[in-house]
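Listed here are the chains, written in short residue letters.
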Amino acid sequence: MRKAELKVVDEKTKAKAEVVFYHFGPGNAGGTQANIDRWFGQFVEPRDKINAKTEDVTVGKHKVTYVSAEGTYKSGMPGGPQTPMANYALLGAIIEASEGSVFVKMTGPKELTQSATADFKKMVESALK
């Protein structure tokens, strides 16, 4: 379930990115790898063309998997109409917890998303300390 949503706005260009927080409970919506695959599948290009990356870190007692990709993002609800968004990027974090993982996904123009990477990670990690 979608639990919260934030907007990130570049003050110079007015470009906007969206940060969405999801929590599905103990079932984890298929688990970490299934969600990584689903996120990478939200791009028009194949996985080997979207600079797909994952990184596992431990913050406190939580495993966090960071995910990133860039290309033509298919914006829209799963199963519904989708709009291809060229030069977009996805930055995600999957925070594993016994109560169910928390999924944080930022999508937006590539330059804005990439410039917000450090702040995104700081936001995720500061909540776990």
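These notes cover the structure that comes with them.

### Some points on the sheet that holds strand β4 (residues 62-75)
- Read across the sheet, six strands follow the order β1-β2-β6-β5-β4-β3 without closing on themselves; strand pairing throughout is antiparallel. Of all the strands in the sheet, just β1 (2-9) and β3 (53-59) have a single pairing partner and so form its edges. Geometrically, the sheet is characterised by an average inter-axis angle of 20 degrees between neighbouring strands, direction not taken into account.
- Here helix α3 (residues 117-126) sits on the sheet and contacts β1, β2 (16-23), β3, β4, β5 (83-95) and β6 (102-109); the angle it forms with β5, its principal contact strand, is near 30 degrees.

### Brief notes about helix α1 (residues 32-40)
- Along α1, the residues that are buried comprise Thr32, Asn35, Ile36, Trp39 and Phe40. End-on, the buried residues of α1 take up no more than an arc of 135 degrees, which puts them together on one face.
- Its buried side turned inward, α1 meets β3, β4, β5 and β6.

### Things to note about unusual backbone geometry
- Positioned with a positive phi, Lys14 is a non-glycine residue whose angle comes to about 70 degrees.
- The residue Asn87 is not glycine, and still its phi comes out positive at about 55 degrees.
- Following the sequence through the fold, Asn87 ends up in strand β5.
- In this structure Asn87 comes out as exposed when scored by relative accessible area, which is 53%.

### Some remarks on the layout of surface pockets
- Within this model, the largest pocket holds a volume of roughly 570 Å³.
- Every residue lining the largest pocket is counted, 25 residues in all, and those nearest its centre are Arg2, Glu18, Tyr22, Tyr73 and Lys105.
- Elements with a contribution of two residues or more to the lining of the largest pocket: β1, β2, α1, β4 and β6.
- Among the elements that line the lining of the largest pocket, the one with the most residues is β2, at five residues.
- Considered class by class, the residues forming the lining of the largest pocket number twelve nonpolar, six polar and seven charged.

### A word on the nonpolar core
- Among the nonpolar cores identified, the biggest contains 16 residues, and Val64, Ala93, Met106, Phe120 and Val124 are the most heavily contacted of them.
- Where this core is concerned, the elements lending two or more residues are β2, β4, β5, β6 and α3.
- If one sorts the elements of this core by residue count, β5 sits on top with three residues.
- Those residues in contact with Val124 that sit more than four places away from it in its chain are Val64, Tyr66, Ala93 and Ile95.
- Tyr22, Ile50, Tyr73 and Phe103 belong to the second-largest nonpolar core, a separate cluster that totals 14 residues.

### Quick word on the pairing of β5
- For β4 and β5, the ladder comprises eleven bridges, and the chain directions are antiparallel. Paired with Ala69 across the two strands is Leu90, which belongs to β5.
- Of the strand pairs in this sheet, β5 and β6 are connected by eight bridges, and their pairing is antiparallel. Considered in β6, the bridge of Ile94 is made with Phe103.
- Counted along the chain from β5 to the antiparallel partner β6, the turn is six residues long, and its residue Gly100 has a positive phi close to 115 degrees.

Thresholds applied
Residues numbered from 1 in each chain as written. Predicted model: local features only at pLDDT ≥ 70, side-chain atom pairs only at ≥ 80, totals over all residues. Heavy atoms only, no water. Pairing = 2+ DSSP bridges. Helix = DSSP H or I, 4+ residues; strand = E, 2+ residues; numbered from the N terminus. Axes fitted to C-alpha atoms, helices over the stretch in contact; angles between N-to-C directions. Contact = heavy atoms within 4.5 Å. Buried < 20%, exposed > 50% of the residue type's maximum accessible area, 1.4 Å probe, protein only. Arc of directions from axis to C-beta. 1 Å grid on protein atoms, 1.4 Å probe; cavity = no way out; pocket = protein on both sides within 12 Å on 5 of 7 lines; lining within 4 Å. Points joined across faces, edges and corners; volume = space filled by probe spheres on them. Nonpolar A, V, L, I, M, F, W, Y, C, P; charged D, E, K, R; others polar. Core = buried A, V, L, I, M, F, W, Y, C linked by side-chain atoms within 4.5 Å.

Geometric values such as these leave the question of function open.
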